[in-house]
Protein chains: 2
Amino acid sequence: MSTQGIVLFGHGARDPRWAEPFERLAERLRGAGAPAPLVSVAFLELMTPSLDAAVASQVAAGCTRITIVPVFFGQGGHVRRDLPQLVDACRAAHPGIEIRCATAVGEDDRVLDAIARYCLDQIGHDAQA
Amino acid sequence: MSTQGIVLFGHGARDPRWAEPFERLAERLRGAGAPAPLVSVAFLELMTPSLDAAVASQVAAGCTRITIVPVFFGQGGHVRRDLPQLVDACRAAHPGIEIRCATAVGEDDRVLDAIARYCLDQIGHDAQA
């Protein structure tokens, strides 16, 4: 069993179909690496589980190192203000577990490159973003 | 001058730093392809310009074919319900201009692959999502 966990943290929405890319992303990650990490999704609002519930589940499953990845495009108020408070609460609830938090995925150059390629595909340009 | 336009459509947020990845994405696209497309950003709420203002600017600049790309992870209510109404209004305001709307970027496999690689980087795995 992996002792490493990833929690994909998203905003949440009323429409359950909104979460489909999160589940597809989680599936990809579950099949990646050796040992594969334990992968959970968690949401700020409108959807469950919450971040603290997802982290508690990973701790209960034996994870000793948990990385939270904000699946947001930008580092706005949710990522800069709400998330650090939630992460602090998780750390306080689980002393001894290493809980880290990554930068929002939309800040990553390769993610932006992939989005740019997708945009160019839409207008029929070659994929050379 | 390019007659092709791309409008990157995002949710918007109170924190202006949230929009930084959108601007970086727009910059990438402005340098891509020949002729390079005209690239604008537009927001559903909390930020400007609105979609109709961005589309009107592109039409005024001479674009005859405009592709709106929802920079959202999932196809929730904003993309499934709000956006089609906004796009219809743009089409009604600019007859003769071809206005198309892409699927949300988070539904694209290569975008998800890039996000998965980013997540694995965060836990120190090789990038083999």
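Refer to the structure presented above.
So, here is what we can say about the structure in this document. Per chain, the residues get numbers from 1 upward, laid out in the order the sequence is written. Labels follow written order: the first chain is A, the first ligand is 1, and so on. Note on the predicted model: pLDDT of at least 70 is required for a residue's local features to be given, and 80 or more for side-chain atom pairs to be given and counted; whole-chain, interface and lining totals, by contrast, use all residues. Side-chain numbers here rest on the full set of heavy atoms in the structure, without hydrogens or water.

**Side note on the packing of helix 2 (residues 51–60) of chain B against helix 3 (residues 77–93) of chain B**
All names here are of chain B.
- In this description, a line fitted to the C-alpha atoms serves as the axis of each element, helices being fitted only across the stretch in contact, and the angle between N-to-C directions of two axes falls anywhere from 0 to 180 degrees. Helix numbering and strand numbering both begin at the N terminus, where a helix is a DSSP run of H or I of at least 4 residues and a strand a DSSP run of E of at least 2. Closest axis-to-axis distance for the helix 2/helix 3 pair is 10 Å, and the angle between their directions is 35°. Every pair of crossing elements has a handedness; the one defined by helix 2 and helix 3 is right-handed. Counted together, L51, D52 and V55 of helix 2 and L83, L86, V87 and C90 of helix 3 form the full contact between these two elements. It is the rotation of the near helix from the far one that decides the hand of a crossing: anticlockwise by less than a right angle makes it left-handed, clockwise makes it right-handed. Working rule for contacts: check all heavy atoms of both residues, and any pair within 4.5 Å makes them a contact.

**Description of the relation of the copies chain A and chain B**
- The atoms used to superpose the copies are C-alpha atoms, taken from residues with pLDDT of at least 70 in both, and the fit is least squares. Taken as rigid bodies, chain A and chain B are interconverted by a rotation of 180° and an axial shift of 0.0 Å, the fit giving an RMSD of 0.0 Å. Given the turn and translation reported, the copies of this chain are related as if by a two-fold rotation axis.

**What to know about the pattern of salt bridges**
- Salt bridges are defined by distance alone: a side-chain nitrogen of Lys or Arg within 4 Å of a carboxyl oxygen of Asp or Glu. According to the stated counting rule, one finds 24 salt bridges over all chains in the structure shown.
- Of the charged contacts, one joins A:D15 and A:R17 as a salt bridge, the two residues approaching to 2.9 Å between their closest N and O atoms.
- A salt bridge links B:R100 to B:E98, with the shortest nitrogen-to-oxygen separation between them at 3.9 Å.

**Description of helix 2 (residues 51–60) of chain A**
Residue and element names in this part refer to chain A.
- Throughout this description, buried means an accessible area under 20% of the type-specific maximum (1.4 Å probe, protein chains only), exposed means over 50%, and partly exposed covers the range between. Along helix 2, the positions that sit buried rather than exposed are L51, A54, V55 and Q58. Axial view of helix 2: buried residues confined to an arc of 95°, hence all on one face.
- Tucked inside the fold, the buried residues of helix 2 contact strand 1 (4–10), strand 2 (38–43), strand 3 (65–70), helix 3 (77–93) and strand 4 (98–101).
- Backbone geometry just downstream of helix 2 places G62 in the positive-phi region, at approximately 105°. The reported arc concerns the directions from the helix axis to the C-beta atoms and nothing else.

**Overview of the nonpolar core**
- Take the buried Ala, Val, Leu, Ile, Met, Phe, Trp, Tyr and Cys residues and link them wherever side-chain atoms come within 4.5 Å; each set so joined is a nonpolar core. Counting residues in hydrophobic clusters, the biggest one holds 56 residues, and the most contacted among them are A:L8 and B:L8.
- Mapped onto this core, the elements with two or more residues apiece are strand 1, helix 1 (20–30), strand 2 and helix 4 (109–122) of chain A together with strand 1 (4–10), helix 1 (20–30), strand 2 (38–43) and helix 4 (109–122) of chain B.
- For A:L8, the contacting residues outside a window of four places in its chain are A:F22, A:L25, A:A26, A:L29, A:V39, A:S40, A:V41, A:A42, A:V69, A:V71 and B:C119.

**Concerning the interface of chain A and chain B**
- The interface of chain A with chain B comprises 54 residues on the first partner and 54 residues on the second.
- Take the accessible area each of two parts loses on contact, using a 1.4 Å probe, and add the two losses: that sum is the buried area. At the boundary of chain A with chain B, total buried surface from both sides reaches about 4700 Å², with 63% on carbon and sulfur atoms.
- The interface formed by chain A and chain B holds twelve salt bridges in total.
- A salt bridge links B:R28 to A:D113; its shortest N-O distance comes to 2.6 Å.
- Two N or O atoms count as a polar contact when they lie within 3.5 Å, although within protein this holds only if one can serve as hydrogen donor and the other as acceptor, and sequence-adjacent residues are included solely when both atoms are side-chain atoms. Counting every contact that joins chain A to chain B gives 16 residue pairs in polar contact (both at pLDDT 80 or more).
- The set of elements that each furnish at least two residues to the side of chain A that touches chain B consists of strand 1, helix 1, strand 3, helix 3 and helix 4 of chain A.
- Residue composition of the side of chain A that touches chain B, grouped by class: 28 nonpolar, twelve polar and 14 charged. Residues are grouped as follows: Ala, Val, Leu, Ile, Met, Phe, Trp, Tyr, Cys and Pro are nonpolar; Asp, Glu, Lys and Arg are charged; all remaining types, including Gly, are polar.

**Some details on the packing of aromatic side chains**
- Stacked, edge-to-face and tilted are the three classes for Phe, Tyr and Trp ring pairs, Trp counted by its six-membered ring, which pair at centre distances within 6.5 Å; planes under 30 degrees apart are stacked, over 60 edge-to-face, the rest tilted. Under the definition given, this model contains eleven aromatic pairs over all chains.
- On the basis of an interplanar angle of 65° and a centroid distance of 5.7 Å, the ring pair of A:F22 and A:F43 is categorised as edge-to-face. Separated by 21 residues along the polypeptide, A:F22 in helix 1 and A:F43 in strand 2 bring together distant segments of the chain. Across this residue pair, the class does not change: A:F22 and A:F43 are buried.
- Connected via pairs of aromatic rings, a cluster forms that spans A:W18, A:F22, A:F43, A:F73, B:W18, B:F22, B:F43 and B:F73.

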